[in-house]
Amino acid sequence: AKPESIDMTRKIFEEQIRWAVEEGADYIIAETLTYQGEALLALDAIKTSNLPAVITLTPTLSTDMTFETDPTIPVEQALRTLEDRGAAVVGFNCMRGPATMLPVMKKARHACRGHLAALPVPYRTTTEQPHMFVLKDLDTQSEQAFPSNLDEHLVSRKAVADFTRAAQELDFKYLGLCCGNTPGHMRSMAEALGRSPEASKYSADMKKHFMMGSDKSLKPQNTDVMRERVCRTN
């Protein structure tokens, strides 16, 4: 990068950090970073504030999940460098859905020793379409789904809960969801972590559903006969 670009970027970071400190921030997040040099600049700027730094990278374009500025630098190695330089938490956010973020999370856990973060987008990304910018419209299979048709690629709340449990098994403790997140998805993540947020009162409870329920007050002609007829697949 040109020296003037580096200097401009550093000043931008310093200005934002100064505002955050003035408003009483507990820690500083630098996220959605795709360049190792930019991430290191952000970390150095945050360290001058004496506040903890959370640095999350966004591997996007390369299907082998290597770091974009230099294909010889795997993202897990970039995270380890940031960790060694003093970041309190390192990890990933945005672009990739749970399915395509998990593989690189496993590499990060192997490479890093400290706290790790993961905040995927709640979209059904695949090996062939690893991030939300390349997801295709499901009807045409050719048009780009981003930005207006991504909702057709939303993962289920169960998928979010499954991802959360998998992340826990990898000892990722800083968890969330990025672009496209909904209250229902966030609630599922919280519940998968064993928490009961206020919104849990809206979680599905099928016990008294007229046909799918199990409550003793329900009539057998609904729970048995109707269920068998409606749910029969052939």
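For the structure, check the block above.
So, a few notes on the structure that sits alongside this text.

The rules we used
Just so you know, the residues in each chain are numbered from 1, in the order the chain's sequence is written. Since the coordinates come from a predicted model, pLDDT governs what is reported: local features require at least 70, and pairs of side-chain atoms require 80 or more to be given and counted, while whole-chain, interface and lining totals use all residues. Side-chain figures throughout are based on the complete set of non-hydrogen atoms in the structure, without hydrogens or water. Under the DSSP-based scheme used, a helix requires at least four consecutive residues in state H or I and a strand at least two consecutive residues in state E, with every element numbered from the N terminus. Burial classes follow relative accessibility: with a 1.4 Å probe on protein chains only, a residue under 20% of its type's maximum area counts as buried, one over 50% as exposed, and anything between as partly exposed. Any two residues whose heavy atoms approach within 4.5 Å at even a single point are treated as in contact. Any two strands with at least two DSSP-identified bridges between them are counted as paired. Definition of nonpolar core: a set of buried residues of the types Ala, Val, Leu, Ile, Met, Phe, Trp, Tyr and Cys, connected through side-chain atoms within 4.5 Å. Contacts described as polar in this section are N or O atom pairs within 3.5 Å, which, within protein, must combine one atom able to donate a hydrogen with one able to accept it, while residues neighboring in sequence count only if both atoms come from side chains. Multiplying one less than the number of residues by 1.5 Å gives the expected span of a helix.

This brings us to the overall build of the protein chain. From N to C terminus, the protein chain includes 7 helices and 5 strands. If you list the helices and strands of the protein chain from N to C, you get α-β-α-β-α-β-α-β-α-β-α-α. Dimensions of the protein chain, computed from the C-alpha atoms along their principal axes, are close to 75 × 45 × 35 Å. The burial tally for the protein chain puts 41% of its 234 residues in the buried class. Considering only contacts within the protein chain whose residues lie at least 6 apart along the sequence, 63% involve residues at least 24 apart.

So, about the sheet that holds strand 4 (residues 115–119). Within the open sheet, the 5 strands sit side by side as 1-2-3-4-5. Their pairing is parallel. Each of the sheet's edge strands pairs with one partner strand only, and the pair in question is strand 1 (28–33) and strand 5 (174–175). Inspection of the sheet shows strand 4 paired to strand 5 by 2 bridges, in the parallel sense. When the sheet's bridge partners are listed, A118 is paired in strand 5 with L175.

By size, the foremost hydrophobic cluster in this structure holds 41 residues, and its most contacted members are I55, L57, L79, L82, F92, M105 and F172. Considering every element that reaches this core, the biggest residue donor is helix 2 (residues 36–47), with 7 residues. Not counting residues up to four positions away in its chain, the partners in contact with L82 are A39, L40, L43, I55, L57, A87 and V90. Counting residues in hydrophobic clusters, the runner-up holds 9 residues, among them V121, L135, L150 and C178.

This paragraph deals with unusual backbone geometry. Omega for the peptide link from F146 to P147 comes to 0°, which places this bond in the cis form. Mapped onto the secondary structure, P147 falls in the loop between strand 4 and helix 5 (157–169). The backbone of Q141 sits at a positive phi, close to 60°, despite the residue not being glycine. Topologically, Q141 is positioned in the loop between strand 4 and helix 5. Look at Q141 and you get partly exposed, because its relative accessible area is 48%.

Bringing the side chain of T164 into the picture now. When you line up the elements, T164 lands in helix 5. A distance of 2.8 Å separates a polar atom in the side chain of T164 from the backbone oxygen of V160. Other than its neighbours up to four places away in sequence, T164 contacts L175, M189, A192 and L193.

Okay, helix 4 (residues 98–111) next. Taking 1.5 Å per residue as the helical rise, helix 4 with its 14 residues ought to reach 20 Å, and the 20 Å between its terminal C-alpha atoms agrees with that figure. Buried residues belonging to helix 4 abut helix 3 (75–84), strand 3 (89–93), strand 4 and helix 5.

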